[in-house]
Amino acid sequence: MSAFPWLTVLWATPTAGAAVLMLLPAAQRVLAKWLALAVALTTLGLTAVIVAGFDPGGARYQFVESHRWIPSFGTGYILGVDGIALALVVLTTVLVPLLIVAGWNDAARQSGLNGRAVQAYLALTLAVEGMVLISLVALDVLLFYVFFEAMLIPMYFLIGGYGENKARSSKAAVKFLLYNLFGGLVMLAAVIGLYVVTAGSDAFPSGTFDFRAIVAAVSSAELVINPAVANFLFLGFMFAFAVKAPLWPFHGWLPDAAVQATPASAVLMMAIMDKVGTFGMLRYCLQLFPDASTYFRPVVLTLAVIGIVYGAVLAIGQTDVMRLIAYTSISHFGFIILGIFVMTSQGQSGSTLYMINHGISTAALFLIAGFLVSRRGTRLIDAYGGVQKVAPVLAGTFLVAGLATLSLPGLAPFISEFLVLIGTFTRYPVLAVFAATALVLSAVYILWTYQRMMTGPVRDGTRESVRGLPDLVPRELAVVAPLIALLLVLGIYPKPALDVITPAVQHTLTTIGQTDPVPIAPPTTAEGGR
């Protein structure tokens, strides 16, 4: 099966679909929607084939493809997938068809582009998917960097071109682009520096961008990087990933971008694209620069815990429901980064699983809130009340998604957050205690929001229009039902996902020379003593 270029076909399918969509006549809007959905479902089918052929106990990187690209610079078209990347590939290809259905009418009100606003919207969505997929499966550092940066362009147009308020959405899009481009510029310097380091070594006389070769040389001490240089290179990579993830205090672009984009585009950004940042930390920062990662670990962990508490506290004070959900993501990304940098098997397995569960729970909560806002016409929490009386299915699914966000046992995020906290406590108990305070804070912001928006009487006056709110329609149920089902299934039985993730995490820990802390046995009395 590996002889066939499955990974190339995987990322090329949505990319080619995006190109075809832009060639459709302006009048073929309905055809464009169905074609985009067909392309996304085809990509999901390709993922299913790859999952079926992946052996968690086999080689670390599978379905490997390697071709010459720019030999004079030591870079190649090298693709491969491990358990961590595969988990995120599945998340991406599962969510995109749902987002296309959720945003079925998002571009209908837009003009311009010679009447091709719908085609452009769908093409941009598929383009982001294709670029995320190749970023996840790339095993060449330069190849990864190219698409890590390129995905910003279609996302910029999705944020700035399809928001309800053009002035605000354009401003948010520019802010998003400037933050991430600056992070990418710093990373470019680090990528060039990495090439210079390899070119000056005995292991690679002509230099290389081959990720596997560099990691192997670093692990075997064939490539020894000066500690000061390694620290600077680590910071270059880490800064770009921290902006995209985002990690506090580099999060400033996220709330505005999430609020001003359409709900489907915001989920595409927060649940899919931003995961490339945390994935990059786990793959590139830790494995290329293991000593530097250990050196900066206390700083990164401190920032992660601050982000956990900061995001939760600010979420409590929000009056805009969409901005509230955006701040919860900052808190959740803090948990993901905390799990990565504690460098324990529980922490990193939980962190990878958290990426998946956060994507599902955030998609559910944000899209349901978006459906509600589209009915009422306002994002203000105080403009609602008694929604559960007029739209019980909408209110009920919002509650389930909200409970998942606060990591209620039995729902998917619980086990991932539990693993992160356990993995943190074995090495940094004080940080684990501070991080655990978010459990209480998340209960406050979710339950209080549900109480204000969904419970109580359906009041007259300013809230009179709540009386006529329709419940979820079949198209919206087709989006919400799979997400709720995934939250329940992964909450009760996460084993299939962990079986794929855990071996890859063990490989990563072995590569960077880290082992789990040995539990300290309590003192015992002498034999026979009481």
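The residue count restarts for each chain, going from 1 along the sequence in the order it is written. Local features are withheld for residues below a pLDDT of 70 in this predicted model, meaning they are given only at 70 or higher, and side-chain atom pairs are given and counted only at 80 or more; totals for whole chains, interfaces and linings count all residues. Computation of side-chain values covers all heavy atoms of the structure but excludes hydrogens and water.

## Section: the overall build of the chain
Phase 1 of the analysis: Helix numbering and strand numbering both begin at the N terminus, where a helix is a DSSP run of H or I of at least 4 residues and a strand a DSSP run of E of at least 2. Along the backbone of the chain there are 21 helices and two strands.
Phase 2 of the analysis: Against the compact-globule benchmark of 24 Å for 530 residues, the chain has a radius of gyration of 23 Å, which places it among compact chains.
Phase 3 of the analysis: Here the C-alpha coordinates of the chain stretch approximately 75 × 75 × 40 Å along the principal axes.
Phase 4 of the analysis: Whether two residues touch is decided by their heavy atoms; if any such pair falls within 4.5 Å, the residues are in contact. A separation of at least 24 residues holds for 81% of the contacts in the chain among residues at least 6 apart in sequence.
Phase 5 of the analysis: Counting only carbon and sulfur atoms, one obtains 69% of the accessible surface of the chain, whose full area is about 19,800 Å².
Phase 6 of the analysis: The average position of the 28 basic charges and that of the 24 acidic charges among the side chains of the chain differ by 10 Å. Atoms counted for the radius of gyration: C-alpha only. Globule rule: 2.2 Å times the number of residues to the power 0.38. Note on areas: these come from Shrake-Rupley sampling with a 1.4 Å probe, and a residue is covered only by the protein chains present in the view. Lys and Arg are tallied as positive, Asp and Glu as negative. Neither His nor the chain termini are counted. Every charge is mapped onto a representative atom, which is NZ of Lys, CZ of Arg, CG of Asp or CD of Glu.

## Observations regarding unusual backbone geometry
Phase 1 of the analysis: Following Ala245, the chain continues into Pro246 via a peptide bond in cis, with omega recorded as -10 degrees.
Phase 2 of the analysis: Mapped onto the elements, Pro246 comes out in the loop between α9 (227-244) and α10 (254-260).
Phase 3 of the analysis: Phi is positive for Ala221, which is not a glycine, with a value near 70 degrees.
Phase 4 of the analysis: With respect to the helices and strands, Ala221 occurs in the loop between α8 (211-219) and α9.
Phase 5 of the analysis: Positive phi outside glycine occurs at Met343, with the angle close to 60 degrees.
Phase 6 of the analysis: Relative to the helices and strands, Met343 resides in the loop between α14 (321-341) and α15 (345-376).

## Some details on the environment of Ala107
Phase 1 of the analysis: Tracing the backbone through its elements, the reader meets Ala107 in the loop between α3 (83-102) and α4 (117-137).
Phase 2 of the analysis: For the pair Ala107 and Thr262, spaced 155 residues apart in the sequence, the C-alpha separation amounts to 9.2 Å.

## Section: the pattern of salt bridges
Phase 1 of the analysis: We count a salt bridge whenever a side-chain nitrogen from Lys or Arg sits within 4 Å of a carboxyl oxygen from Asp or Glu. If you walk through the whole model with that rule in mind, you get six salt bridges.
Phase 2 of the analysis: The shortest N-O distance in the salt bridge between Asp256 and Lys175 comes to 3.1 Å. Placement of the pair is Asp256 in helix α10 and Lys175 in helix α7 (residues 166-199), with a sequence separation of 81 residues.
Phase 3 of the analysis: Remark: exposure states derive from per-residue accessible area (1.4 Å probe, protein chains only) relative to the maximum for the residue type, with buried under 20%, exposed over 50%, and partly exposed in between. We classify Asp256 as partly exposed; its relative accessible area is 24%.
Phase 4 of the analysis: Across the pair Asp256 and Arg323 runs a salt bridge, and its minimum N-O distance is 3.0 Å. One end of the pair, Asp256, is in helix α10; the other, Arg323, is in helix α14, and 67 residues separate them in sequence.

## Notes on the packing of helix α1 (residues 6-23) against helix α2 (residues 29-53)
Two quantities define a packed helix pair, namely the angle between the helix axes and the distance between the axes.
Phase 1 of the analysis: At a closest axis distance of 9 Å, the pairing of α1 and α2 adopts a crossing angle of 180 degrees. One element, α1, and the other, α2, form an angle in the roughly antiparallel class. Seen from α1, the contacting residues are Trp6, Leu7, Val9, Leu10, Thr13, Pro14, Gly17, Val20 and Leu21; seen from α2, they are Ala32, Leu35, Ala36, Val39, Thr42, Thr43, Leu46, Thr47, Val49 and Ile50. For every element, the axis is a line fit to its C-alpha atoms; helices are fit only across the contacting stretch, and the angle between N-to-C directions ranges from 0 to 180 degrees. Relative orientations are named as follows: roughly parallel for angles under 35 degrees, roughly antiparallel for angles over 145 degrees, roughly perpendicular for angles from 65 to 115 degrees, and oblique for any other angle.

## Some words on the UniProt feature "domain: NADH:quinone oxidoreductase/Mrp antiporter transmembrane" (unreviewed entry) in the chain
Phase 1 of the analysis: UniProt records the feature "domain: NADH:quinone oxidoreductase/Mrp antiporter transmembrane" (unreviewed entry) at residues 138-440, using the numbering of this structure.
Phase 2 of the analysis: A helix fraction of 78% and a strand fraction of 0% characterise residues 138-440, whose end C-alpha atoms lie 39 Å from each other. UniProt positions are given in the numbering used here, feature names are shortened, and annotations may be inferred rather than shown by experiment.

## So, the packing of aromatic side chains
Phase 1 of the analysis: The aromatic pairing rule takes the rings of Phe, Tyr and Trp, using the six-membered ring of Trp, and pairs them if the centres are within 6.5 Å, calling planes under 30 degrees apart stacked, those over 60 edge-to-face and the rest tilted. Taken as a whole and judged by the stated rule, the model has 23 aromatic pairs.
Phase 2 of the analysis: For the ring pair Trp34 and Trp104, a centre distance of 5.1 Å and an interplane angle of 75 degrees mean the geometry is edge-to-face. On the criterion of sequence distance, the pair formed by Trp34 in helix α2 and Trp104 in the loop between α3 and α4 is long-range, its members being 70 residues apart.
Phase 3 of the analysis: Taken together, the ring pairs connect Phe144, Phe148, Phe211, Phe237, Phe241, Tyr284 and Phe289 into an aromatic cluster.
Phase 4 of the analysis: Definition used: whenever NZ (Lys) or CZ (Arg) falls within 6 Å of the ring centre and also within 35 degrees of the ring normal, the charge is taken to sit over that ring. One cation-aromatic arrangement involves Lys244 over Phe148; the distance from NZ or CZ to the ring centre is 3.8 Å.
Phase 5 of the analysis: Sitting over the ring of Trp448, Arg452 keeps its end group 3.7 Å from the ring centre.

## Observations regarding the packing of helix α13 (residues 290-316) against helix α19 (residues 429-454)
Phase 1 of the analysis: Running from N to C, α13 and α19 cross one another at 20 degrees; their axes reach a closest spacing of 8 Å. The angle between the axes of α13 and α19 places the two elements in the roughly parallel class. Regarding α13 and α19, the two cross each other, and that crossing is left-handed. Every residue of α19 that contacts α13 at Leu301, Val305, Ile308, Val309, Ala312, Val313, Ala315 and Ile316 is listed here: Leu431, Phe434, Ala435, Thr437, Ala438, Leu441, Val444, Tyr445 and Trp448.
Phase 2 of the analysis: In terms of residue class, the contact of α13 with α19 is made up of 16 nonpolar, one polar and no charged. Left-handed describes a crossing whose near helix is turned anticlockwise from the far helix by less than a right angle; the clockwise case is right-handed. Each residue gets one of three labels, nonpolar for Ala, Val, Leu, Ile, Met, Phe, Trp, Tyr, Cys and Pro, charged for Asp, Glu, Lys and Arg, and polar for the others, Gly among them.

## A short note on the pairing of strand β2 (residues 75-81)
Phase 1 of the analysis: Judged by how many residues are buried, β2 sits mostly within the fold: seven of seven residues are covered.
Phase 2 of the analysis: A two-sided burial pattern is seen for β2, the buried positions comprising Thr75, Tyr77, Leu79 and Val81 on one face and Gly76, Ile78 and Gly80 on the other.
Phase 3 of the analysis: A pair of strands is labelled paired if DSSP reports no fewer than 2 bridges between them. Sheet analysis places strand β1 (residues 62-70) next to β2, joined by six bridges and oriented antiparallel. Bridge assignment links His67 to a residue of β2, and that residue is Tyr77.
Phase 4 of the analysis: Here β1 folds back onto β2, and the loop between the two strands holds four residues, one of which, Gly74, carries a positive phi near 65 degrees.

## Some remarks on α8
Phase 1 of the analysis: Residues of α8 that are buried include every one of Phe211, Ile214, Val215, Ala217 and Val218, and no others. Mapping the buried residues of α8 onto a view down its axis gives an arc of 165 degrees, with all of them on the same face.
Phase 2 of the analysis: Where α8 is buried, its residues contact α5 (141-150), α7, α12 (275-288), α13 and α21 (495-511).
Phase 3 of the analysis: A 3.5 Å cut-off defines polar contacts: any pair of N or O atoms within that distance qualifies, except that in protein one atom must be a possible hydrogen donor and the other a possible acceptor, and neighbouring residues in sequence count only when both atoms are side-chain atoms. Two to three positions downstream of the cap, the backbone nitrogen of Arg212 sits 3.0 Å from a side-chain oxygen, assigning the N-cap of α8 to Asp210.
Phase 4 of the analysis: Directly beyond the C-terminal end of α8, a positive phi value near 70 degrees is found at Ala221. The arc in question is formed by the directions pointing from the helix axis toward the C-beta atoms.

## Points about the confidence of the model for the chain
Phase 1 of the analysis: What pLDDT conveys is the predictor's confidence in a given residue, as a value from 0 to 100. The predicted model of the chain has a mean per-residue pLDDT of 88, with 95% of residues at 70 or higher.
Phase 2 of the analysis: Mean pLDDT across the secondary structure elements of the chain bottoms out at helix α16 (residues 387-390), with 84, and peaks at α3, with 94.

## Some words on α21
Phase 1 of the analysis: Compared with an ideal rise of 1.5 Å per residue, which puts 17 residues at 24 Å, α21 spans 24 Å between its outermost C-alpha atoms and is within 8% of the ideal.
Phase 2 of the analysis: Ile501 marks the point of greatest bend in α21, at about 25 degrees, and the proline Pro503 comes within the next four residues.
Phase 3 of the analysis: Among the residues making up α21, those that are buried are Ala497, Leu498, Val500, Ile501, Ala504, Val505, Thr508, Leu509 and Thr511.
Phase 4 of the analysis: On the buried face of α21, the contacting elements are α3, α8, α12, α15, α18 (412-425) and α20 (474-492).
Phase 5 of the analysis: Of the residues flanking the end of α21, it is Gly513, one or two places downstream, whose phi is positive at about 70 degrees. The length a helix should cover is 1.5 Å for every residue beyond the first. Think of it this way: the bend at a residue is just the angle between two axes, each fitted to seven residues, one set ending at that residue and the other starting at it.

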